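A structural walkthrough
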Amino acid sequence: MNVEPAVQSKLLQLAAVDAELTRIAHRRTVLPEQQDVARLETERNAHKDAAVAVEIMLDDLDRDIRKLEGEVDAVRKREERDRGMLTAGSVGAKQLSEIQHELGSLERRRSVLEDELLEVMERREASASDHDHAGARLSKIEQELADAQRLRDEALADLDVAQGRCDSDRKDLVALFPDELLSIYDRQRTQHGTGAALLQARRCGACRIELDRGEIARITKAAPDVIVRCPECGAILVRTKESGL
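Below, the structure is looked at part by part. (Residues numbered from 1 in each chain as written. Predicted model: local features only at pLDDT ≥ 70, side-chain atom pairs only at ≥ 80, totals over all residues. Heavy atoms only, no water.)

Moving on, we get to the pattern of salt bridges. In total, this model carries 27 salt bridges according to the counting rule given. For Glu 144, the salt bridge goes to Lys 140, with nearest N and O atoms at 2.5 Å. Note that Glu 144 and Lys 140 are positioned in helix H3 (residues 93-174) at a spacing of 4 residues, about one turn of the helix. Note that Glu 215 is salt-bridged to Arg 218, the shortest N-O span being 2.7 Å. Of the two residues, Glu 215 and Arg 218 both sit in helix H5 (residues 213-221), 3 residues apart, roughly one turn of that helix. Residue classification places Arg 218 among the partly exposed residues on the basis of a relative accessible area of 40%. (Salt bridge = Lys/Arg side-chain N within 4 Å of Asp/Glu carboxyl O. Helix = DSSP H or I, 4+ residues; strand = E, 2+ residues; numbered from the N terminus. Buried < 20%, exposed > 50% of the residue type's maximum accessible area, 1.4 Å probe, protein only.)

Listed below in structure tokens is the structure:
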């Protein structure tokens, strides 16, 4: 097909816009700010899990403390009852001996329970400290995540602006080309990444391969308005003074 050289040269502008659109799309997939957000989200979730685990442990320890406190209180009341009976002097010799024996057992039992209670309370205090630290770490990571999300959103907004500008430029450019030429260009770009390129110093600007003498002779003989394509990659070759023809 034949297209005026001035129109053909506009293909280089279209190719530059499309190349920039490709770069923008690629940057969206490898955006460092998004990678930071993903990393911090993973860390935030890990800290959340850790905080929940400590909260569960605290609940278990609180339950154990209540249970032990109840047992200690029950033993103490039993001791008070036995001592009351001894003080009242209303029991016989045999029962007196039994009560004294029971008091000894109760005192030992209470001592064991109080030791267990103290140990659990100490563990509870340590877990409470862990919970406070976990909360502080979680708050810190959530702030870092919020900052990273803001930077990510700003970077995406910049890409949106750049893409909007390129989309507008492309819309203006495609209106300059015949439908058949645009169809060839778009098909070539879809298949090989570059629809059109400058023929510079006898080298294709798309695949960077230097054309042999036969191809250069063929292209040199072609009229300026004839569409020529790279024999290697198929890109539309735009000829200028830099082509070395």
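On to the side chain of Gln 8, then. Along the chain, the position of Gln 8 falls in helix H1 (residues 5-29). With relative accessibility at 3%, the residue Gln 8 sits in the buried group. Excluding residues that lie within four positions of it along the chain, Gln 8 makes contacts with Val 3, Pro 224, Asp 225, Val 226, Ile 227, Leu 237, Val 238 and Arg 239. (Contact = heavy atoms within 4.5 Å.)

As enumerated under the stated definition, the model contains 0 disulfides in all. For Cys 207, which is in no disulfide, the shortest distance to another cysteine sulfur is to Cys 204 and amounts to 3.7 Å. The thiol sulfur of Cys 230 is not disulfide-bonded, and the nearest other cysteine sulfur, from Cys 207, lies at 3.7 Å. A residue is classified by how much of its surface remains accessible, and Cys 230, at 4% relative accessible area, is buried. (Disulfide = S-S within 2.5 Å.)

This paragraph deals with the packing of H1 against H3. For the pair H1 and H3, interaxial distance at closest approach is 10 Å and the crossing angle is 155 degrees. Between H1 and H3, the crossing angle belongs to the class labelled roughly antiparallel. Taken as a pair, H1 and H3 cross one another with a handedness that is left-handed. Contact residues: H1 offers Lys 10, Gln 13, Leu 14, Val 17, Asp 18, Glu 20, Leu 21, Ile 24, Arg 27 and Arg 28, while H3 offers Leu 156, Leu 159, Asp 160, Ala 162, Gln 163, Cys 166, Asp 167, Asp 169, Arg 170, Leu 173 and Val 174. Within the contact of H1 with H3, the residues separate by chemical class into 10 nonpolar, 2 polar and 9 charged. (Axes fitted to C-alpha atoms, helices over the stretch in contact; angles between N-to-C directions. Parallel < 35°, antiparallel > 145°, perpendicular 65-115°, else oblique. Left-handed = near helix turned anticlockwise from the far one by under 90°. Nonpolar A, V, L, I, M, F, W, Y, C, P; charged D, E, K, R; others polar.)

Judged by side-chain charge, Asp 115, Glu 116, Glu 119, Glu 122 and Glu 125 come together as a negatively charged surface patch. Given the relative accessible area of 46%, Glu 119 is considered partly exposed. (Patch = residues over 30% accessible without salt bridge, like charges linked within 9 Å, V, L, I, M, F, W, Y side chains within 5 Å. Areas by Shrake-Rupley, 256 points an atom, 1.4 Å probe, with all protein chains shown as cover. Lys, Arg positive; Asp, Glu negative; His and termini not counted. Charge placed at Lys NZ, Arg CZ, Asp CG, Glu CD.)

Looking now at unusual backbone geometry. Glycine aside, residues mostly have negative phi angles, and peptide bonds mostly take the trans form. Even without a glycine there, the phi angle at Ala 201 is positive, about 50 degrees. Relative to the assigned elements, Ala 201 resides in the loop between strand S1 (196-200) and strand S2 (203-204). Residue classification places Ala 201 among the exposed residues on the basis of a relative accessible area of 52%. Residues other than glycine seldom take positive phi values, yet Arg 202 does so here, at roughly 65 degrees.

Between its first and last C-alpha atoms H1 spans 37 Å; for 25 residues at 1.5 Å apiece the expected length is 36 Å, and the two agree. Looking only at H1, the buried set comprises Val 7, Gln 8, Leu 11, Leu 14, Ala 15, Val 17, Asp 18, Leu 21 and Ile 24. The secondary structure elements touched by the buried residues of H1 are H3, helix H4 (179-192), S1 and strand S4 (236-239). (Expected span 1.5 Å × (residues − 1).)

We now examine the sheet that holds S2. Taken in spatial order, the 4 strands make up an open sheet running S2-S1-S4-S3, and their pairing is mixed. Only two strands of the sheet have a single neighbouring strand rather than two, namely S2 and strand S3 (228-229). Where S1 and S2 come together, 2 bridges link them in antiparallel fashion. Residue pairing for S2: Leu 199 is matched across the bridge by Cys 204. (Pairing = 2+ DSSP bridges.)

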